[in-house]
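If you want the building blocks of each chain, they are given just below.
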Amino acid sequence: MTSESQLPAKRPVSASLAGPYGHPFHPILVTVPIGAWVASLAFDIASHVVDRPGFLTQGSEWLIGVGVIGALLAAMVGFLDMFAIPTGTRAFRTALIHMTLNLLVTAAYAVNFLWRHGDYTGGASVGLGRLVLSAVSLAVLGVSGFLGGKLAYRYGVRVADESTQAEGYTSGRGTRDAGSPV
């Protein structure tokens, strides 16, 4: 059962900005930077394999830029979700670490973007330093993602309460489907 202290973390500060109850926008928006940055690392690695890597180097730079913009949008909505968590709780401390890591990763990718900006015109592969910065940033993002999962799946931040969740396990006639697979 959901305790009274958990209820604020389940409801959005602003449904129009953070997503309605049970449908937060933050988990949807984080797929943009994650996908863009994973693809950029794949492009970076591939730029060391092909004969003419300029298109991969350029694509990676664009993907990093798209990821930074997506991360900033996800962060704005994530702040709203974090403000709903009661301060002084494990969930709030976890959210602070999650936010800090994500901001560090976003800053690292912004630096990475500026470091490579316009450098693809020579047609060379991505430099080792830039590739390492991307790989380390992505590893830190993985740790932060683990913490984000902990917020949702362990602490139930912005997840519907158990009585609302139970609706999904009824047949629609008010009874449970005893033998039906999900």
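Summary of the structure given here. (Residues numbered from 1 in each chain as written. Predicted model: local features only at pLDDT ≥ 70, side-chain atom pairs only at ≥ 80, totals over all residues. Heavy atoms only, no water.)

## Re the overall build of the protein
Looking only at helices and strands, one finds 8 helices and 0 strands in the protein. When the helices and strands of the protein are placed in sequence order, the string is α-α-α-α-α-α-α-α. Per-residue burial over the protein gives 37% buried out of 182 residues. Put simply, 73% of the contacts in the protein that link residues at least 6 apart link residues at least 24 apart. Here the protein displays about 10,500 Å² of accessible surface, and carbon together with sulfur accounts for 68% of that area. (Helix = DSSP H or I, 4+ residues; strand = E, 2+ residues; numbered from the N terminus. Buried < 20%, exposed > 50% of the residue type's maximum accessible area, 1.4 Å probe, protein only. Contact = heavy atoms within 4.5 Å. Areas by Shrake-Rupley, 256 points an atom, 1.4 Å probe, with all protein chains shown as cover.)

## What to know about the nonpolar core
Listed in full, the 11 residues of the largest apolar core are Trp37, Leu41, Ile64, Val68, Ala71, Val105, Tyr109, Val126, Leu131, Leu138 and Leu141. Where this core is concerned, the elements lending two or more residues are helix H4 (31-46), helix H5 (54-83), helix H6 (90-116) and helix H7 (128-154). Counting 8 residues, the second largest nonpolar core, distinct from the first, contains Met82, Leu151, Tyr155 and Val157. (Core = buried A, V, L, I, M, F, W, Y, C linked by side-chain atoms within 4.5 Å.)

## Section: the environment of Ile64
Looking at where Ile64 falls in the secondary structure, it is placed in helix H5. Setting aside anything within four residues of it in sequence, one finds Ile64 in contact with Trp37, Ser40, Tyr109, Asn112, Phe113, Arg116 and Ser134.

## A few points about the side chain of Asn112
The residue Asn112 is located in helix H6 in this model. Judged by its relative accessible area of 0%, Asn112 is buried. Apart from residues lying up to four places away in sequence, Asn112 is in contact with Ile64, Arg130, Leu133 and Ser134.

## With respect to the side chain of Arg130
As for its placement among the helices and strands, Arg130 is situated in helix H7. On the basis of relative accessibility, which here comes to 17%, the residue Arg130 falls in the buried class. Polar side-chain contacts of Arg130 include one of 3.2 Å to the backbone oxygen of Trp115. (Polar contact = N/O pair within 3.5 Å; in protein donor to acceptor, adjacent residues only side chain to side chain.)

## Overview of H7
End to end, H7 covers 38 Å across 27 residues, agreeing with the expected 39 Å (1.5 Å per residue, within 8%). Of all the residues in H7, the buried ones are Arg130, Leu131, Ser134, Ser137, Leu138, Leu141, Ser144, Leu147 and Leu151. Buried residues in H7 make contact with H4, H5 and H6. A positive backbone phi angle near 70° is found at Gly156, which sits one or two residues after H7. (Expected span 1.5 Å × (residues − 1).)

Remember that the coordinates give geometry; whether it matters functionally is a separate question.
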